[in-house]
Amino acid sequence: MALRLLLFLWIAAALLAGFLWAPLASGLGETTRVLYFHIPSAWVMAVAFTWSCAHSVLYLARRKLEHDDQAAAAAELGILFCVAAAISGALWAKAKWGEYWNWDPRETTIFFLFLIYGAYLALRGAIEGEEKRARLAAVYSVIAFVTVPFLTFVVPRLYSSLHPSPIVPQRGEQDSIDPRIAVCFVAMLLGFTALFFWVTSLRVRLARLERRRERAAAAAGGTA
Amino acid sequence: MPPSGSSSVAAVWAILRKECRSEWRTRYGINAALLFAVATLTAVSFAVGRLPDRTDLLAALLWVVLLFAALASLAHTFVREVEGHTLTFLRLVASPAAIGIGKLLFNLLFLAVLELVTVPLYLVLMGGPPPRWGPFLLVLGLGSLALATTTTLVGAVVSQARGRGALFAAVSLPLLMVVLAAGVSGLRAQWEGNPAGPEARVLLAYVATVLGASLLLYDHLWED
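Residues numbered from 1 in each chain as written. Chains lettered and ligands numbered in written order. Predicted model: local features only at pLDDT ≥ 70, side-chain atom pairs only at ≥ 80, totals over all residues.

## Points about the overall build of chain B
Stage number 1. Each helix and strand counted, chain B has 10 helices and 0 strands in total.
Stage number 2. For chain B, the succession of helices and strands along the chain, N to C, is α-α-α-α-α-α-α-α-α-α.
Stage number 3. Viewed in the frame of its principal axes, chain B has a C-alpha envelope of about 60 × 35 × 25 Å.
Stage number 4. Looking at chain B residue by residue over its 224 residues, the buried ones come to 47%. (Helix = DSSP H or I, 4+ residues; strand = E, 2+ residues; numbered from the N terminus. Buried ≥ 20, exposed ≤ 12 C-beta atoms within 10 Å, placed from the backbone.)

Next comes the structure, spelled out in structure tokens:
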């Protein structure tokens, strides 16, 4: 309970500091504030999909349904943060480029990540039997994840992009970021990451309870 | 006892021959795919007319036609096994990797036949500039290999799910975006007289990654 309260206060404080304490970055103006939401969302999306793939590999190696619960929960939350990153990016694009959506390679990439993991959830829904579902979903999750670096790093280089790059300033450019902006940004990054792991743990506990209830109902049906 | 190298090659060869023979007996897969490809090509050609100087559209539409035809047909090698209840017998005589590679080679052959009809017809109907055959065939060949590698594994997964027809396209397409992006960019580059080497390298890396992952994952596809 105390940790949850601390997390809530942490994110609220970082958001308020981003609006009231940190200055605006040169060239970005009021859109600087999107930085505190957009990049942490995209970061958590990457963490979530990596977490999902890692637990899929663990499931294939150990065959414990706990890993499948983790993989599914992480994929669901990854999609949620993917949508958050896309919406915040679209708002930024409207302010800076004049349109919400331009089919820029980065926008296209995030859209296809959404589709890949949406397909993962659709596949899970179409397979009967929890062991079979866990196994086939794990196979798809691994094959989906190995294509992600191509979408994230290679495709944007084949087509010209308006998206700011590099996202993280190179060495020597560190001075150009105001330390207050950096503090708010890192605080939001940590807050969002903690939020992801907390909600994932809730989702996993819920899946465990649902499985226990289904098994109890099946056992009661068998003895009746 | 794990199968020796020579027995694995023999198993792959036997599966490839079996697939070719099954296809030759019914021919419904290749006939449907060819009809689908030609119908799509006709619709595209009728809608946009001849495109002698739009190399960007020429490259994109060729890959769209090939992708549609592939997605309409490449899952059928596994679906045929599931619907005919022959997969269990197949697993008794060959390892999962041998089954996967045998079916991958068949899908590749299937795509080659499809392209042998579709591509010349496309070039004639769309009236594009003559391609530089070396880079053109290199990009087309590597793109087809990438297409077959991905759809073979996804086909094996989806064939065990409900609603596999619609699901196969929905699950495969997002994974194939890299192939589509690199394939379109490569074909456009060769038509515009630019080197297609970077795109060929992307496709090669994609094939190596997906094929490597597939070889590790085939063992987990069938267990019950």
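## Concerning the overall build of chain A
Stage number 1. Across its full length, chain A carries 6 helices and 0 strands.
Stage number 2. In chain A, the succession of α and β elements from N to C terminus is α-α-α-α-α-α.
Stage number 3. C-alpha extents for chain A along the principal axes are approximately 70 × 45 × 30 Å.
Stage number 4. Within the span of chain A, comprising 224 residues, buried residues form 37% of the whole.
Stage number 5. Long-range contacts, defined here as pairs at least 24 residues apart, represent 78% of the contacts in chain A between residues at least 6 apart. (Contact = placed C-beta atoms within 7 Å.)

## Some points on the interface of chain A and chain B
Stage number 1. Contacts between the two partners involve 24 residues from chain A and, on the opposite side, 27 residues from chain B.
Stage number 2. Where the side of chain A that touches chain B is concerned, the elements lending two or more residues are α4 (105-125) and α5 (130-158) of chain A.
Stage number 3. Ranked by the residues each element gives to the side of chain A that touches chain B, the list is headed by α5 of chain A, at 15 residues.
Stage number 4. Classifying every residue of the side of chain A that touches chain B by side-chain character gives 21 nonpolar, 1 polar and 2 charged. (Nonpolar A, V, L, I, M, F, W, Y, C, P; charged D, E, K, R; others polar.)

## Some remarks on the nonpolar core
Stage number 1. Judged by nonpolar contacts, the single largest core of 126 residues is most densely connected at V65 and V178 of chain B.
Stage number 2. Once residues within four sequence positions are removed from consideration, V65 of chain B is found in contact with A37, T40, L41, V44, T118 and Y122 of chain B. (Core = buried A, V, L, I, M, F, W, Y, C linked by C-beta atoms within 7 Å.)

## Digging into helix α7 (residues 133-158) of chain B
Stage number 1. Over its 26 residues, α7 of chain B runs 36 Å from end to end, which matches the ideal 38 Å to within 8%, given 1.5 Å per residue.
Stage number 2. Most of α7 of chain B is tucked away: 20 of the 26 residues are buried. (Expected span 1.5 Å × (residues − 1).)

## Let's talk about the environment of A85 of chain A
Residue and element names in this part refer to chain A.
Stage number 1. Structurally, the position occupied by A85 is in helix α3 (residues 65-97).
Stage number 2. Along the sequence, A85 and A13 sit 72 residues apart, while their C-alpha atoms lie 21 Å from each other.
Stage number 3. When sequence neighbours within four positions are dropped, the list of residues in contact with A85 reads H38, S41, A42, M45 and I110.

## Re the packing of helix α6 (residues 96-126) of chain B against α7 of chain B
All names here are of chain B.
Stage number 1. Two numbers describe how α6 lies on α7: the axes approach to 9 Å, and their chain directions differ by 135°. Classified by the angle their axes make, α6 and α7 are oblique. Remark: the crossing between α6 and α7 carries right-handed chirality. Contact residues: α6 offers G100, K103, L104, N107, L108, L111 and E115, while α7 offers L140, S144, L145, L147, A148, T149, T151, T152 and A156.
Stage number 2. Tallied by class, the residues present in the contact of α6 with α7 amount to 8 nonpolar, 6 polar and 2 charged. (Axes fitted to C-alpha atoms, helices over the stretch in contact; angles between N-to-C directions. Parallel < 35°, antiparallel > 145°, perpendicular 65-115°, else oblique. Left-handed = near helix turned anticlockwise from the far one by under 90°.)

## A closer look at the packing of α4 of chain A against α5 of chain A
All names here are of chain A.
Stage number 1. Between α4 and α5, whose axes approach to 10 Å, the crossing angle comes to 175°. In terms of orientation, α4 and α5 fall into the roughly antiparallel class. Seen from α4, the contacting residues are P105, R106, T109, F112, L113, I116, Y120, L123 and R124; seen from α5, they are R133, A137, Y140, S141, A144, V148, L151, T152, V155 and P156.
Stage number 2. Within the contact of α4 with α5, the residues separate by chemical class into 13 nonpolar, 3 polar and 3 charged.

## Examining unusual backbone geometry
Residues and elements named next belong to chain B.
Stage number 1. Phi angles above zero are rare outside glycine, and R27 is one such case at about 60°.
Stage number 2. With respect to the secondary-structure elements, R27 resides in the loop between α1 (5-26) and α2 (28-48).
Stage number 3. What makes R27 exposed here is the crowd of 11 C-beta atoms within 10 Å.
Stage number 4. One non-glycine residue with positive phi stands out, namely H85, at about 55°.
Stage number 5. With respect to the secondary-structure elements, H85 resides in the loop between α4 (76-83) and α5 (87-93).

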